[in-house]
Amino acid sequence: MAKKTKLHPRNQHSQGYDFARLVAELPELEPFTISNPVGQTTIDFQDARAVRMLNRALLKAHYDIDFWDIPAGYLCPPIPGRVDYIHYLADLLADNNNQEIPRGRHVRVLDIGTGSSLVYPLTGQSEYGWHFTGVDIDAGAIKSAKKIRDLNKLAITLRRQSKPENIFRGVIRPGDAFHLTMCNPPFHGSIEKASKGTQRKWASLGKGRSTKLNFGGQNAELWCPGGEIKFIARMVEQSVEFANQCLWFTSLVSKKDNLQPLARILKRARVADYKAVEMAQGQKTSRFIAWTYKKKNQRAQFGNREQI
């Protein structure tokens, strides 16, 4: 079993993939398994069908998800890294709750760009019992997410964002309040940059040149004008309007160099607090930023609200 290093201590995948367990849970995975040069069982991560089957097995074995699939061409997320974000968000909430992670449906989370895979609501609800509201601009993604939700009989709210320029506007309603907002923003500035990034990634994996986007992905999932800086800047700008309805706003940040300009943007927004949290995942380090307009003495009070 391949060792994965430095995932969050609560991450169920920190010891790697248990292929014997995964194949037992989902026998359809077995034809996609191969042996690596040192004799360990793995899959070909360049094969989109194999990655999709692995995800299906992981979600079934670890998160009690009986049905999971996504349409061809949509982003197929790596489950361990995605779940890490959830666990670190739980730690963020625990910091305002005497180091105890709040669990249960009274904890409300808004997932911006939930995608066709619905990966954050599926894993976050299983791990902590939180209630998720998933938002996406893509009609196909929402249709896929609804199918996953309904066939698994899960209580997840889904909303379509109708205006590309909006992030929170139009989806946070007057009666809403959320303990967390989360987002995996499109990080490229153009489709050309997305393609170049993919070619670099395949080259680093020893796969040579490939025109396939790594793990798939629609345009809205991978790029937007101005890239992630512009997207997160717009998120910060709109978050001011909903300062009283959300405890912590958060977003993944793919490039470390973007943290400094984002800190300046947050300072101009006059947030009460701001954090950058690193998440080390094997050879890769990712991170997210979190900001709040609530002062420290107000956070526990917000976090303990039962009616959200």
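Residues numbered from 1 in each chain as written. Predicted model: local features only at pLDDT ≥ 70, side-chain atom pairs only at ≥ 80, totals over all residues. Heavy atoms only, no water.

Colleague: Describe the sheet that holds strand β3 (residues 108-112), with residues and values.
Modeller: In a beta sheet, neighbouring strands pair by backbone hydrogen bonds and run either parallel or antiparallel. Strands sit in the order β5-β4-β3-β6-β7-β9-β8 across an open sheet of seven strands; the sheet is mixed. Lying at the two open borders of the sheet, with one neighbouring strand each, are β5 (157-160) and β8 (273-281). Taking each pair of neighbouring strands and ignoring which way they run, the sheet shows an average axis angle of 20°. Packing of helix α4 (residues 119-128) onto the sheet brings it into contact with β3, β4 (131-136), β6 (178-183) and β7 (246-252), and relative to β4 it is tilted by some 175°. Contacting β8 and β9 (284-292), helix α9 (residues 259-268) runs over the sheet at an angle of about 5° to β9. (Pairing = 2+ DSSP bridges. Helix = DSSP H or I, 4+ residues; strand = E, 2+ residues; numbered from the N terminus. Axes fitted to C-alpha atoms, helices over the stretch in contact; angles between N-to-C directions. Contact = heavy atoms within 4.5 Å.)

Colleague: Describe the nonpolar core, listing the residues and the values that go with them.
Modeller: In terms of nonpolar packing, the biggest core is built from 58 residues, with L22, L29, W130 and F288 touching the most fellow members. Sort the elements by how many residues they give to this core and helix α3 (residues 79-95) lands first, with ten residues. The contact partners of L22, leaving out residues within four places of it in the chain, are Y17, L29, L54, A57, L58, A61 and H62. Within the second largest apolar cluster, 27 residues are counted, among which are I232, F249, V253 and V271. (Core = buried A, V, L, I, M, F, W, Y, C linked by side-chain atoms within 4.5 Å. Buried < 20%, exposed > 50% of the residue type's maximum accessible area, 1.4 Å probe, protein only.)

Colleague: I'd love a proper account of the pattern of salt bridges, names of residues and values included.
Modeller: On inspection of all chains with the given rule, the structure shows ten salt bridges. Across the pair R49 and D47 runs a salt bridge, and its minimum N-O distance is 3.6 Å. One salt bridge in this structure joins R149 and D150, with 2.9 Å as the shortest N-O distance. One network of salt bridges, in which partners are shared, links R52, R56 and D69. (Salt bridge = Lys/Arg side-chain N within 4 Å of Asp/Glu carboxyl O.)

Colleague: Residues and numbers for the environment of K296, please.
Modeller: Structurally, K296 is set in helix α10 (residues 296-303). Overall, the relative accessible area of 66% leaves K296 in the exposed class. K296 sits 200 residues away from N96 along the chain, and the two C-alpha atoms are 7.8 Å apart.

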